[in-house]
Number of protein chains: 2
Amino acid sequence: MARPTPLSGFPEWLPADRIVEQHVLDTVRRTFELHGFASVETRAVEPLDQLLRKGETSKEVYVLRRLQGTETDEVASTGDTGGLGLHFDLTVPFARYVLEHAGHLAFPFKRYQIQKVWRGERPQDGRFREFTQADIDVVGAGDLPYHFEVEVPLVMAEALAALRPAGVPEVRILVNNRKVAEGFYRGLGLEDVDAVLRSVDKLDKVGPERVAALLVDEAGATAEQAAACLALAAISGEDRGVVDDVRVLADAQGITSELLEEGLRELEALVVAASERAPGVVRADLKIARGLDYYTGSVYETVLVGHEDLGSICSGGRYDTLASDGTTTYPGVGLSIGISRLVSRLVGARLVSATRSVPSAVVVAVTTEDTRPTSDAVATALRARGIPVEVAPAAAKFGKQIRYADRRGVPFVWFPATTAPDGEAVPHQVKDIRSGEQVAADPTTWQPPADDLWPSVRTTD
Amino acid sequence: MARPTPLSGFPEWLPADRIVEQHVLDTVRRTFELHGFASVETRAVEPLDQLLRKGETSKEVYVLRRLQGTETDEVASTGDTGGLGLHFDLTVPFARYVLEHAGHLAFPFKRYQIQKVWRGERPQDGRFREFTQADIDVVGAGDLPYHFEVEVPLVMAEALAALRPAGVPEVRILVNNRKVAEGFYRGLGLEDVDAVLRSVDKLDKVGPERVAALLVDEAGATAEQAAACLALAAISGEDRGVVDDVRVLADAQGITSELLEEGLRELEALVVAASERAPGVVRADLKIARGLDYYTGSVYETVLVGHEDLGSICSGGRYDTLASDGTTTYPGVGLSIGISRLVSRLVGARLVSATRSVPSAVVVAVTTEDTRPTSDAVATALRARGIPVEVAPAAAKFGKQIRYADRRGVPFVWFPATTAPDGEAVPHQVKDIRSGEQVAADPTTWQPPADDLWPSVRTTD
């Protein structure tokens, strides 16, 4: 077999970069769990008809068939005629999971879900065909209080802040509220709210002039209405002043809207709570539209400061109907971190790196193959106290065994006790191969410095 | 949308059972890392021609196509005409990863890999269409010393032993050596070794009489040769006596074989090391054949004691050619735990269960919605010291908030400090809802008992 070439859009990491990804995953998981979110995994496949309920995503779906399966097989195994496809996000499968297991879940139900998803899109920088997402959602049965719309971005702010010591850049979580936008647009006399949102959503890509033209052409706005929409989109801030700015603009346009007022009260509550609990992280930004039409309240996007070109690394919002079985409606609010997008930038731009490529803190040298059990016993004693250790693969010259450790970034090499040719007992010794310092040590008590125990993730120097 | 029905062969766990699965995954990961195995993840897809190199698995593969993709698209995106399929194990993708990244890996390379795999097989108890595997392999460039064949089952023995405190039954790792089998069969005069192995592999399923008939019909054996094969397959033991038994049998058959001798020396080294490092766990069992023809040395199977009907939960072996690029050959040895098979039995037979269904150790009650920030502050103070906490979803009557905690198995409810109607200050209090005991507490110092901090996994009572 010739050397295989990478598959575009299907990223894979070398072991040291995988340690960066694991650090990100372990950190966000811990934050989610500290906030009481329960882990859920769903199967990778869903019936195609469920995946295609939102027509706009149909082009992205990977469809499955068994190589030697017949159509009859597929129908029999899936219970429908549509076949199966790989999920393209974790929201559609979670909605199905909630309906399927509602009788066994306690609501409001807080879950996190960290899994791969697949989209048959054209691969670009930070946009993959297979990637890992880390989602949190809170879902209620019948109703879901607004305060969860404050909680979820603060949990994400905490998860992303917990990555800062590893050298991950700071983030800005941008929030808006659909009720504000819809109340404002309707108050202006624009009834095709989805068309307005779709146009405003393009602001960062095409600029205000082009958006103004789109608003006129596609949302039926007058030039004055388009200007008012752009004026709203220009408002942003990190305190309740942002709400005052919207009220001033609405008053100037003669808008009175109960929906707008409700949205502003919500947005204010979010901004005030965020300024206390995550100061400088959450920012109200009235241009955040999120194209998807199922959001009904708060919407969120997140940029990595200094890496805005990457696009949003953590997005989501409130949806009044995450799922419905005809009797009960399940509203939800959630956010999703694009783990692969984030990690690809962290390692691709060498922002952070792992201190070594293997878990081992120690390589135990092997003096001769006959005494390998002595080396194994040292390793066992160290592992019993939680120290990651491997034993050298061969009883080569010690210089070669030290190079084995060095190539992997392992900081310590252990030389087992032995008997010198002159019959003198040589005690166990451990060498810090960075400093060259070598000291006598006891495998039942020696401890590496805490910083060296496990590989850590740090700002690349 | 009506209530969805489960998809046969695609298991999903409720939150409490997912905690059992997470415990299993976290435990095996920790053991693998303590032994210096580095984490690798590979993409879910491989070119179909690679997946189908072993013809016997072709029926199991799920093939992918983009819903709106053209054939030209697929060719352009995959670089070949065969399209893509989901991987059916983690060995084929790892072999490809080794070849693709060989220049960036340090050999011998020890990796673990925990991922989903997919097989379009008919679902049965413990046999799924989507399931999680946890693999370890050691791969060398050019050569790979035998001692790794001793190491990998001992790592697995340790990983599975680490699950025992949670109530997972003990395991028996059964080992054999292809060289012993092949040397014995050839020494007997049987040249179609693969046919003999395939027949012997059916021993547990069809019994010795039927296997004897198969050996005659399909491996060209005489009745006497078949009887000798069955006599070999009947040998098992946990110390070097098992090697003596094989030698006695071989001598009685007049067999002299260098390959047999080499295999017996290897098997003896494994049994001796295992009897010291994992007594009672590893057992030489000469009937273990493993149908796959790429194993060339040790082969392993693992049964959960008392649940032998489940089949092997951890299998693998040594293969002289894991991968080859024409210049370098990469031999390997590895074992794979069937996580989904194991977990499905653990939760399905109620062998183990989680102490609660959510991470939270504490629910902080909310006195009124106006004082929710007070409750949030208590939660923040507790989380800052690593205590998983959630805040009650609504300022309902305290009885209802206690039931909220109780339904999820959360042991503690925290009542924030408040002012009584008579103006008297009421301090923070925390209630153990199991005992009903309620005490004054300080959110900056209170600590739950260590056993209650995180959900744990225990033998079901």
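Source: prediction; values computed, not measured. (Residues numbered from 1 in each chain as written. Chains lettered and ligands numbered in written order. Predicted model: local features only at pLDDT ≥ 70, side-chain atom pairs only at ≥ 80, totals over all residues. Heavy atoms only, no water.)

**Student:** Help me get a handle on the overall build of chain A, residues and values and all.
**Tutor:** Summing up its helical and strand segments, chain A has 15 helices and 21 strands in all. In terms of overall dimensions, chain A has C-alpha extents of about 100 × 60 × 45 Å along its principal axes. Burial statistics for chain A: of 461 residues in total, 60% are counted as buried. Considering only residue pairs separated by 6 or more positions, chain A has 70% of its internal contacts joining residues 24 or more positions apart. Of the roughly 18,100 Å² of accessible surface on chain A, a fraction of 50% belongs to carbon and sulfur atoms. (Helix = DSSP H or I, 4+ residues; strand = E, 2+ residues; numbered from the N terminus. Buried < 20%, exposed > 50% of the residue type's maximum accessible area, 1.4 Å probe, protein only. Contact = heavy atoms within 4.5 Å. Areas by Shrake-Rupley, 256 points an atom, 1.4 Å probe, with all protein chains shown as cover.)

**Student:** Kindly report on the packing of helix H1 (residues 15-34) of chain B against helix H5 (residues 147-161) of chain B, identifying the contributing residues and their values.
**Tutor:** All names here are of chain B. In contact at an axis separation of 9 Å, H1 and H5 are set at 140° when each is read in the N-to-C sense. One way to sum up the angle between H1 and H5 is to call them oblique. The handedness of the crossing between H1 and H5 comes out as right-handed. Two secondary-structure elements touch here, H1 through Thr27, Val28, Thr31 and Phe32 and H5 through Val155, Met156, Glu158 and Ala159. (Axes fitted to C-alpha atoms, helices over the stretch in contact; angles between N-to-C directions. Parallel < 35°, antiparallel > 145°, perpendicular 65-115°, else oblique. Left-handed = near helix turned anticlockwise from the far one by under 90°.)

**Student:** Can you break down the pattern of salt bridges residue by residue, with the values?
**Tutor:** Within this structure, the stated rule accounts for 64 salt bridges over all chains. Asp285 of chain B is the salt-bridge partner of Lys287 of chain B, the closest N and O atoms lying 3.0 Å from each other. Like Lys287 of chain B, the residue Asp285 of chain B is buried in the burial classification. Here Arg434 of chain B makes a salt bridge to Asp452 of chain B, at a shortest N to O gap of 2.8 Å. Placement of the pair is Arg434 of chain B in the loop between strand E19 (429-432) and strand E20 (438-440) and Asp452 of chain B in helix H16 (residues 450-453), with a sequence separation of 18 residues. Note on Asp452 of chain B: relative accessible area 11%, which makes it buried. Bridged by salt links that share partners, the residues Glu12 of chain A together with Arg43, Glu46, Arg96 and Glu100 of chain B form one connected network. (Salt bridge = Lys/Arg side-chain N within 4 Å of Asp/Glu carboxyl O.)

**Student:** Could you give an account of the sheet that holds strand E16 (residues 412-415) of chain A, naming the residues involved and the relevant values?
**Tutor:** Whether parallel or antiparallel, the strands of a sheet pair through hydrogen bonds between backbone atoms. All names here are of chain A. Pairing is mixed across the open sheet formed by five strands, whose spatial order is E15-E14-E16-E19-E20. Edge positions in the sheet fall to strand E15 (389-391) and strand E20 (438-440), since each has one partner strand and no second. Pairwise comparison of adjacent strand axes, ignoring direction, gives a mean angle of 25° for this sheet. Direction of pairing for strand E19 (residues 429-432) relative to E20: antiparallel, over a ladder of three bridges. By the bridge assignment for E20, Lys431 is matched with Gln438. Contacts from helix H13 (residues 372-384) reach strand E14 (362-364), E15 and E16 within the one sheet, and its direction differs from that of E15 by about 175°. (Pairing = 2+ DSSP bridges.)

**Student:** Which residues make up the domain arrangement of chain A, and what values do they have?
**Tutor:** Quoted interface sizes are often the accessible area lost when the parts come together. Residue and element names in this part refer to chain A. The domain boundaries assigned to chain A delineate domain 1 (15-353) and domain 2 (362-459). Computed from C-alpha atoms alone, the centre-to-centre distance between domain 1 and domain 2 is 49 Å. Taken together, the contact pairs eight residues of domain 1 with five residues of domain 2. For the pair domain 1 and domain 2, the summed buried area comes to about 520 Å², and 61% of that belongs to carbon and sulfur atoms. Applying the counting rule to domain 1 against domain 2 returns zero salt bridges. (Domains from an automatic or database assignment. Buried area = accessible area lost by both parts, 1.4 Å probe.)

**Student:** Just give me the short version of the sheet that holds strand E10 (residues 298-304) of chain A, but keep the residues and values in it.
**Tutor:** Residue and element names in this part refer to chain A. Reading across the sheet, the nine strands line up as E1-E5-E6-E12-E11-E10-E7-E9-E8 and stay open at both edges, with mixed pairing between neighbours. In this open sheet, the two edge strands, each paired with only one partner strand, are strand E1 (38-39) and strand E8 (236-237). Summarising the sheet, E8 and strand E9 (residues 282-285) pair through two bridges and their orientation is antiparallel. Looking at E9, one finds that Gly237 is bridged to Ala284.

**Student:** Describe the packing of helix H7 (residues 193-200) of chain A against helix H8 (residues 203-219) of chain A, and please don't skip the residues or the numbers.
**Tutor:** Residues and elements named next belong to chain A. Between H7 and H8, the shortest axis-to-axis distance is 7 Å and the interhelical angle comes to 155°. With respect to H8, the axis of H7 lies roughly antiparallel. Of H8, the residues touching H7 (which contributes Ala195, Val196, Ser199 and Val200) are Leu203, Val211, Leu214, Leu215, Glu218 and Ala219. Looking at the contact of H7 with H8 residue by residue, the classes come out as eight nonpolar, one polar and one charged. (Nonpolar A, V, L, I, M, F, W, Y, C, P; charged D, E, K, R; others polar.)

**Student:** A description of unusual backbone geometry should follow, citing residues and the corresponding values.
**Tutor:** Residue and element names in this part refer to chain A. The amide bond that connects Phe107 to the next residue, Pro108, takes the cis arrangement and shows omega of -5°. By the element assignment, Pro108 lies in the loop between helix H4 (91-101) and strand E5 (109-118). Positive phi outside glycine occurs at Arg350, with the angle close to 50°.

**Student:** Can you explain the relation of the copies chain A and chain B? Please cite residues and give values.
**Tutor:** Two copies of a chain can be linked by a rotation about an axis combined with a shift along that same axis. Each copy of the sequence occupies a distinct position, and chain A is placed on chain B by a rotation of 180° and an axial shift of 0.0 Å, giving an RMSD of 0.0 Å. Expressed as an axis order, the relation between the two copies is that of a two-fold axis. No C-alpha of chain A lies nearer the rotation axis than that of Leu64 of chain A, which sits 2.4 Å from it. Looking at the interface residues of chain A, 100% of them are also at the interface in chain B, so both copies use one shared face. (Least-squares fit on C-alpha atoms with pLDDT ≥ 70 in both.)

**Student:** Describe the environment of Val242 of chain A, and please don't skip the residues or the numbers.
**Tutor:** Residue and element names in this part refer to chain A. Relative to the elements of secondary structure, Val242 occurs in helix H10 (residues 241-252). Val242 gets classed as buried once you look at its relative accessible area, which sits at 1%. When the C-alpha positions of Val242 and Arg127 are compared, they lie 33 Å apart, and in sequence the two are 115 residues distant. The residues contacting Val242, other than those within four sequence positions of it, are Ile235, Ser236, Gly237, Ala284 and Leu286.

**Student:** Can you lay out helix H6 (residues 178-188) of chain B for me, pointing to particular residues and giving the numbers?
**Tutor:** All names here are of chain B. Burial within H6 is extensive, with eight of its eleven residues counted as buried. Burial in H6 covers these residues: Arg178, Lys179, Val180, Ala181, Gly183, Phe184, Tyr185 and Leu188. On its buried face, H6 sits against strand E7 (171-177), helix H7 (193-200), helix H10 (223-233), helix H11 (241-252), helix H12 (258-277) and strand E10 (298-304). Here H6 starts with a cap whose side-chain oxygen sits 2.8 Å from the backbone nitrogen of Lys179, and that cap is Asn177. Following H6 by one or two positions, Gly189 adopts a phi angle in the positive range, close to 105°. (Polar contact = N/O pair within 3.5 Å; in protein donor to acceptor, adjacent residues only side chain to side chain.)

**Student:** Describe in detail the interface of chain A and chain B, supporting the description with residues and values.
**Tutor:** At the interface, 94 residues of chain A touch 94 residues of chain B. Taken together, the two surfaces of chain A and chain B that pack against each other cover about 8,300 Å², and 54% of this comes from carbon and sulfur. Our enumeration of links across chain A and chain B arrives at ten salt bridges. Between Arg29 of chain B and Asp26 of chain A there is a salt bridge, with its nearest N and O atoms 2.8 Å apart. Taken together, the links from chain A to chain B amount to 44 residue pairs in polar contact (both at pLDDT 80 or more). Among the residues forming the side of chain A that touches chain B, the class breakdown is 44 nonpolar, 21 polar and 29 charged. Relative to strand E3 (residues 62-66) of chain B, strand E3 (residues 62-66) of chain A runs antiparallel, the two sharing five bridges. Counterpart to Arg65 of chain A in the pairing with E3 of chain B is Val63 of chain B.

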